[in-house]
Amino acid sequence: MIKVGILGGGQLGRMLLQAAANYPVKTYIMENDDACPAAHLCHNFTKGDITNFDDVYNFGKNLDAITIEIESVNEEALEKLESEGVKVYPKPSALKIIKNKILQKQFYKDNQIPTSDFVITQNKNELNQHQNFLPAAHKVGKGGYDGRGVELMKTTADFAKGFDAPSVLEKLVHIKKEIAVIIAVNDKGENALYPTVDMVFDQRLNLLEFQISPADLPEKVLWKAEAIALKVVKDLKSPGIFAVELFVDIDNNVLVNETAPRVHNSGHHTIEANYSSQFDMLWRIMLNYPLGCTEHILPAAIVNLLGAEGFNGEAHYEGLNEILQLDNVFIHIYGKKDTKPGRKMGHVTILSKEKQELIHQANRIKHTLKVVSKM
């Protein structure tokens, strides 16, 4: 039986393992917390640090293949594993580009991939040299995740919030819409595109709040978005699953924002809404099976379940019974014991042929289902 490891045991690892149950594969997880969401679903659990060379190398050296659920893994260990014959998804060369926002933006520029204007700053003081670049977003080069490591700079007074580390200062775009395209690539270079999705963000937390799939876009804009996302993935020269997040500006120009080299929040609806989910697809790629069908069964919306403001401690799901009574609504709770404000605790997928019904139910769920702490 093929042995496949996942670096990281959060909700993405958990959902990957749920899809793995359909295949002849022996699964391995490494995470520093043996109570993590994925720990009890794998065949073998290793407690370790995914950023540590020795931990990653020793975990992977007897495996056939290895993948990630978060970018902040030790890519030097993955390079050594790859050189010794372990299949790594995505390739360490692609991960190295994507995990550093400076290298990622430079990659777009070097490959003529449309993206917003940017400059590189080595420290906070250098922001003063770019006053004419405002308004902008300051993004720390390494370590940012889920909205952390990003500060909006509207006036020079905001420079005090900047990062005193190598970062990207990225000119803000007049955004009409934020969209995402998930693309699967196998070892032969064959690819499959999932339908583009509309993303609606919580501006305060800078986290995906809810999304609708397929995106409501003019045909020419959709083609442009798919072509640009495909170019990103082809130029990375790596098999795996990639989520390309893009902006559509007020003039219908399409610009790449960021790329994730893994299964992604913007593809969670595919579990119920598409014939082959993003999680199923990654197993097909790693096990060398044919790529799955990415077509919709039904249009979908996702609502992220985030920890409510003012609550810390053991999680309690208020309104769960009420939401479980709704038709074509699917609840995914990630198995995290404790909640805190803004923490991703689960998601809800809604299926319907009617876009207005998706929006209505998404708003209803958002206001009914709350993640609080037990009293």
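A short note on the sheet that holds strand S17 (residues 313–318)
- Spatial ordering of the open sheet is given by S19-S17-S21, a layout of 3 strands whose pairing is antiparallel. Unpaired on one side and paired on the other, strand S19 (338–339) and strand S21 (370–373) mark the two borders of the sheet.
- Relative to S19, S17 is paired through 2 bridges, and the arrangement is antiparallel. Bridge pairing in S19 places Glu314 opposite Asp338.

Notes on the environment of Leu41
- Along the chain, Leu41 turns up in the loop between strand S2 (25–31) and strand S3 (44–47).
- Between the C-alpha atoms of Leu41 and Ala308, which are 267 residues apart in sequence, the distance is 27 Å.
- The residues contacting Leu41, other than those within four sequence positions of it, are Arg14, Leu17, Gln18 and Thr27.

A few points about the packing of aromatic side chains
- Taken as a whole, this structure holds 3 aromatic pairs when the rule is applied.
- An angle of 15° between the planes, with centres 6.2 Å apart, marks the rings of Phe53 and Tyr57 as stacked. One end of the pair, Phe53, and the other, Tyr57, are both in helix H2 (residues 53–60), 4 residues apart, so they sit about a helical turn from each other.
- Judged by relative accessible area, which is 31%, Phe53 ranks as partly exposed.

Some details on empty space enclosed by the protein
- Counted according to the given criterion, the structure contains 1 cavity of 30 Å³ or more.
- In this model, the largest cavity occupies a volume close to 60 Å³.
- Forming the boundary of the largest cavity are Ala180, Val181, Ile182, Tyr194, Pro195, Val197, Ser213, Ser266, Gly267, His269, Thr270 and Asn274.
- Top element by residues in the lining of the largest cavity is strand S10 (residues 175–185). It accounts for 3 residues.
- Residue classes in the lining of the largest cavity are distributed as 6 nonpolar, 6 polar and no charged.

Quick notes on helix H4 (residues 92–99)
- Pro92, Ala94, Leu95 and Ile98 are the residues of H4 that are buried. Down the axis of H4, the buried set is contained in an arc of 155°. They therefore lie on one face.

Comments concerning the packing of helix H3 (residues 75–83) against H4
- Where H3 meets H4, the axes come as close as 9 Å, and the angle between the chain directions of the two elements is 165°. In this view, H3 runs roughly antiparallel relative to H4, as classed from their interaxial angle. Considering the relative orientation of H3 and H4, their crossing is left-handed. Side by side, H3 and H4 meet where Glu75, Leu78, Glu79 and Glu82 of the first sit next to Pro92, Leu95, Lys96 and Lys99 of the second.
- Among the residues making up the contact of H3 with H4, the classes are represented as 3 nonpolar, no polar and 5 charged.

Conventions adopted
Residue numbering note: each chain is counted from 1, following its sequence as written. Only residues with pLDDT of 70 or above have their local features reported here, since the model is predicted, and side-chain atom pairs are shown and tallied only from 80 upward, although totals for entire chains, interfaces and linings are computed over all residues. As a rule here, side-chain values cover all heavy atoms of the structure and leave hydrogens and water aside. A pair of strands is treated as paired once DSSP finds two or more bridges between them. Counting from the N terminus, the helices are DSSP H or I runs at least four residues long and the strands are E runs at least two residues long. Residues count as neighbours in contact if any of their non-hydrogen atoms are within 4.5 Å of one another. Classification of ring pairs uses Phe, Tyr and Trp, with its six-membered ring standing for Trp, and accepts pairs whose centres are within 6.5 Å; under 30 degrees between planes counts as stacked, over 60 as edge-to-face, and the remaining range as tilted. Each residue gets one of three labels from its accessible area relative to the maximum for its type: buried under 20%, exposed over 50%, partly exposed in between, using a 1.4 Å probe on protein chains only. Of the two site types, the cavity is a set of points on a 1 Å grid over the protein atoms alone where a 1.4 Å probe fits but cannot get out, and the pocket is an open set with protein on both sides within 12 Å along at least five of seven lines, each lined by residues with an atom within 4 Å of a point. Grid points are joined across faces, edges and corners, and a volume is the space filled by probe spheres set on the points. Only Asp, Glu, Lys and Arg are considered charged in this grouping, and only Ala, Val, Leu, Ile, Met, Phe, Trp, Tyr, Cys and Pro are considered nonpolar; every other residue, Gly among them, is considered polar. Summarising the geometry, the arc corresponds to the directions from the helix axis toward the C-beta atoms. For helices, the axis comes from a line fit to the C-alpha atoms of the stretch in contact; other axes are also lines fit to C-alpha atoms, and the angle between any two N-to-C directions lies between 0 and 180 degrees. Oblique is the label for any angle not covered by the other classes, which are roughly parallel (under 35 degrees), roughly antiparallel (over 145) and roughly perpendicular (65 to 115). By the definition used in this description, the sense in which the near helix is turned from the far one sets the handedness, with an anticlockwise turn below a right angle giving left-handed and a clockwise turn giving right-handed.

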